[in-house]
Amino acid sequence: MPGFDIFVLVLVALFFVLAASVIKIVPQGHHYTVERLGRYTQTLKPGLGIILPFVDTVGHKINMMEQVLDIPSQEVITKDNAMVTVDGVAFFQVLDAAQASYEVHNLRRAMLNLTMTNIRTVLGSMDLDEVLSKRDDINSRLLVVVDEATNLWGVKVTRIEIKDITPPRDLVEAMGRQMKAERHKRADILEAEGSRQSEILRAEGEKQGAILAAEGRKESAFRDAEARERAAQAEAQATRVVSEAIGEGNVQALNYFIANNYVDALKDLATSPNQKVLMMPVEAGNLIGAIGGIAELTKEAFGKDDDKNGGGSGSVPQS
């Protein structure tokens, strides 16, 4: 019957409409708020949710995953009246879907305005040098302030990062000249320090060299004095021996002493660096006589030795 078929189709359509209004499938990472006659009643979590048909409706579909909020560039005046351009990025996550839906209107816009306002506040309390060098400090201060302000919205701000800080062009050029002058200053200081250290080391080396040279001269003088002392002792010993021989009546010892000194004098004259040709009368007879005296001394010395040996070995007496 055509009427019955139409009735069945209407019932099937009503069933699907009713099922669609009752059964709500919430995807992972999202929460749905449920409103009954315009008033918040519950929050549907990921999975299959059941609500009352025609009475309950889904109010807001909230993304519960961590989200990124780009902070556009804005001009900020620092404490020392320098104009800089700043932009950044914020990371946040909704922890309470009901608060994020009903405590603030347009959550992303509210967070954007709040973050930009606090960037101006924080940077305005710092000098330009601090703004350029203490970016981590700026990020930490912004995170504390913004996170505390968004607690009532059911939001957790996990990170705020300043991306770019751009000073004016003339200020950048001045900073470049300042950095160049500072580098030249450091180079001059290092060069002066190197020269100073080199002079100190050179002076120290000269000092050590002078000390060693003085030590060498001292040792040489000591050796020379010792050699002269020994030569004087030998000369005194020879003079004493000759004197004793003369005292015993041996004239040949005196001839030997005079001939020895005569030969030494001739040797000194011949080896003098300023003397190339030596011309002087030399009495060969005196020199030969002196040499003969030396031979006589030698014979006498050997004769005394023979007498001593002969006296020591006596002949055997005959019976």
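Residues numbered from 1 in each chain as written. Predicted model: local features only at pLDDT ≥ 70, side-chain atom pairs only at ≥ 80, totals over all residues. Heavy atoms only, no water.

Caption draft 1: Molecular detail of the pairing of strand 6 (residues 67-77). Across nine bridges, strand 6 lies against strand 7 (residues 83-94) in antiparallel orientation. Bridge pairing in strand 7 links Asp70 to Val89. Hairpin geometry of strand 6 and strand 7 is characterised by an intervening segment of five residues between the two adjacent antiparallel strands and by a positive phi of about 65° at Asn81. (Pairing = 2+ DSSP bridges. Helix = DSSP H or I, 4+ residues; strand = E, 2+ residues; numbered from the N terminus.)

Caption draft 2: Spatial organisation of the nonpolar core. Judged by nonpolar contacts, the single largest core of 33 residues is most densely connected at Val86, Phe92, Val94, Leu107, Met111 and Ile138. Where this core is concerned, the elements lending two or more residues are strand 6, strand 7, helix 2 (97-102), helix 3 (107-124), helix 4 (128-133), helix 5 (135-149) and strand 8 (155-166). Broken down by element, this core gets its largest block of residues, seven residues, from helix 3. Once residues lying within four places of it in the same chain are set aside, the contact partners of Phe92 are Met65, Glu66, Gln67, Leu69, Leu107, Arg108, Met111, Val155, Lys156, Val157 and Thr158. Tyr32, Val34, Leu44 and Ile51 belong to the second-largest nonpolar core, a separate cluster that totals five residues. (Core = buried A, V, L, I, M, F, W, Y, C linked by side-chain atoms within 4.5 Å. Buried < 20%, exposed > 50% of the residue type's maximum accessible area, 1.4 Å probe, protein only. Contact = heavy atoms within 4.5 Å.)

Caption draft 3: Fine view of helix 5. The first and last C-alpha atoms of helix 5 sit 21 Å apart over 15 residues, in line with the 21 Å expected at 1.5 Å per residue. Taken together, the buried positions of helix 5 are occupied by Ile138, Asn139, Leu142, Val146 and Asp147. Projected onto a plane normal to the axis of helix 5, the buried residues spread over an arc of 140° and lie on a single side. Those residues of helix 5 that are exposed and angled more than 90 degrees off the buried face are Asp136, Val144 and Glu148. Check the buried side of helix 5 and you find it contacts helix 3, helix 4 and strand 8. (Expected span 1.5 Å × (residues − 1). Arc of directions from axis to C-beta.)

Caption draft 4: Spotlight on the packing of aromatic side chains. Taken as a whole and assessed by the stated rule, the structure comprises one aromatic pair. Ring geometry for Tyr40 versus Tyr102: centroids 5.5 Å apart, planes at 50°, classification tilted. Placement of the pair is Tyr40 in strand 3 (residues 39-44) and Tyr102 in helix 2, with a sequence separation of 62 residues. Over the face of the ring belonging to Phe91 we find Arg159, whose NZ or CZ atom lies 4.4 Å from the ring centre. (Phe/Tyr/Trp six-rings, centres within 6.5 Å; stacked < 30°, edge-to-face > 60°. Lys NZ or Arg CZ within 6 Å of the ring centre and 35° of its normal.)

Fair warning: the whole summary comes from geometry, so function is off the table for now.
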